[in-house]
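# Fold and geometry: a report
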Amino acid sequence: MFFDEEVSGQIKERFSEMVHPVKLVVFSQALQHPESEEVKRLVEELGTLDPRVIVEAKNFIIDATQAKDLGVTRIPAVAILRAGVDGGADKDYGVRFFGLPMQYDFGVLIDGIIDVSKGESGLDPATIEALASLTTPVHLQVFSTPT
Amino acid sequence: MRLAYRFAIASDKITADGVEVTGFPDLARRYRVSSVPKTVVGETAEFVGAQPESALLQHVLDVATPSSLS
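Let me sum up the structure you'll find in this document. (Residues numbered from 1 in each chain as written. Chains lettered and ligands numbered in written order. Predicted model: local features only at pLDDT ≥ 70, side-chain atom pairs only at ≥ 80, totals over all residues. Heavy atoms only, no water.)

Moving on: the overall build of chain A. If you tally the helices and strands in chain A, you get five helices and five strands. Each helix and strand of chain A, ordered N terminal to C terminal, gives the series α-β-α-β-α-β-β-α-α-β. For 147 residues, the compact-globule estimate of 2.2 N^0.38 gives 15 Å, and chain A sits close to it at 16 Å. Seen through its C-alpha atoms, chain A measures out along the principal axes to roughly 45 × 40 × 35 Å. The 147 residues of chain A split such that 46% are buried. In chain A, the share of contacts with a sequence separation of at least 24, taken over all contacts with a separation of at least 6, comes to 72%. For chain A, the exposed area adds up to about 7,100 Å²; of that, 53% sits on carbon and sulfur atoms. (Helix = DSSP H or I, 4+ residues; strand = E, 2+ residues; numbered from the N terminus. Rg over C-alpha atoms; globule rule 2.2 N^0.38 Å. Buried < 20%, exposed > 50% of the residue type's maximum accessible area, 1.4 Å probe, protein only. Contact = heavy atoms within 4.5 Å. Areas by Shrake-Rupley, 256 points an atom, 1.4 Å probe, with all protein chains shown as cover.)

Before going further, it helps to examine the layout of surface pockets. Put simply, the largest pocket is a space of about 280 Å³. Together, 17 residues line the largest pocket, and G71(A), T73(A), F98(A), H139(A) and D17(B) are the ones closest to its centre. Residue contributions to the lining of the largest pocket peak at four residues, all from strand β4 (residues 91-98) of chain A. In the lining of the largest pocket, the residues fall into five nonpolar, six polar and six charged. In this model, the second largest pocket occupies a volume close to 210 Å³. (1 Å grid on protein atoms, 1.4 Å probe; cavity = no way out; pocket = protein on both sides within 12 Å on 5 of 7 lines; lining within 4 Å. Points joined across faces, edges and corners; volume = space filled by probe spheres on them. Nonpolar A, V, L, I, M, F, W, Y, C, P; charged D, E, K, R; others polar.)

Position of E6(A) among the secondary structure elements: in helix α1 (residues 5-15). Considered as a pair, E6(A) and D90(A) are 84 residues apart in the sequence and their alpha carbons are 32 Å apart.

Moving on: the nonpolar core. Counting residues in each nonpolar core, the largest one holds 47 residues, and the members touching the most others are F15(A), L46(A), I113(A), L140(A) and V60(B). For this core, the element with the most residues is helix α4 (residues 104-118) of chain A, which contributes seven residues. Residues in contact with L140(A), not counting those within four places in the same chain, are A4(B), F7(B), I14(B), T15(B), A16(B), D17(B), V40(B), V41(B), L56(B) and V60(B). Formed by 18 residues, the second largest nonpolar core is a distinct cluster that contains F27(A), A67(A), L70(A) and L27(B). (Core = buried A, V, L, I, M, F, W, Y, C linked by side-chain atoms within 4.5 Å.)

This part takes up the packing of aromatic side chains. Taken as a whole and assessed by the stated rule, the structure comprises three aromatic pairs over all chains. One aromatic cluster is present, formed by F2(A), F3(A) and F106(A) through successive ring pairs. (Phe/Tyr/Trp six-rings, centres within 6.5 Å; stacked < 30°, edge-to-face > 60°.)

In this section: the pairing of strand β1 (residues 22-28) of chain A. Regular strands place side chains that alternate from one sheet face to the opposite one. All names here are of chain A. With seven of seven residues buried, β1 is to be regarded as a mostly interior element. Here β1 shows two buried faces, one formed by V22, L24, V26 and S28 and the other by K23, V25 and F27. Summarising the sheet, β1 and strand β2 (residues 53-59) pair through seven bridges and their orientation is parallel. Looking at β2, one finds that V25 is bridged to E56. Viewed along the sheet, the connection from β1 through helix α2 (residues 34-47) into β2 turns out right-handed. Taken together, the six bridges between β1 and strand β3 (residues 77-82) define a ladder with antiparallel strand orientation. Looking at β3, one finds that L24 is bridged to I80. (Pairing = 2+ DSSP bridges. Right-handed = clockwise from strand over helix to strand, strands pointing away.)

Put into structure tokens, the structure is as follows:
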């Protein structure tokens with residue numbers, strides 16, 4: 001268990017902000033990357049805290065096609081998708097987390113889940129308007145450490 | 001990192017990776033990550049530390065439309 005009762009309660013409280021179900025597709029591979037199994041277990045435990053957090057655990061080797069489709073080139077990795085409802089397709093906003101989501105980064109992962117669930121950026125309208133003018137893809141990478 | 005995620009949610013053209021870099025020393029070397037948080041925009045722009053929404057937007061627009069720099 002990663003979360004004691006107090007932390008579980010805090011996470012549940014955050015998840016109460018969710019609007020749409022979210023699918024967390026976690027990629028791991030026990031033999032080559034034992035640490036990735038830790039992330040898998042953590043994400044699976046998150047899925048027990050709210051029925052709207054749907055977890056799909058994938059093997060990075062066996063499920064290589066899905067990894068490629070989701071742009072997952074390394075593990076551990078979590079793709080945060082807005083889950084499709086009533087048989088609809090999942091919505092992929094291109095939000096990913098790579099590595100061990102501990103300490104500060106754990107909060108970031110939770111924030112990402114909430115934001116994807118809402119499907120609203122919360123950005124300034126002028127920023128949204130400017131981003132709507134983009135015609136070429138832009139990839140953002142934010143590097144952090146657990147401290 | 002959350003701001004990058006929000007940019008991705010706002011635009012289908014943007015993808016956002018949060019990377020806990022200690023497990024990926026190759027990325028730390030490639031992007032010269034010595035201080036965090038470090039944000040890399042495309043492959044050409046980068047900054048260290050938190051920046052306001054307007055600053056990240058400008059980086060994104062500069063990378064997406066490099067001619068605007070001239």
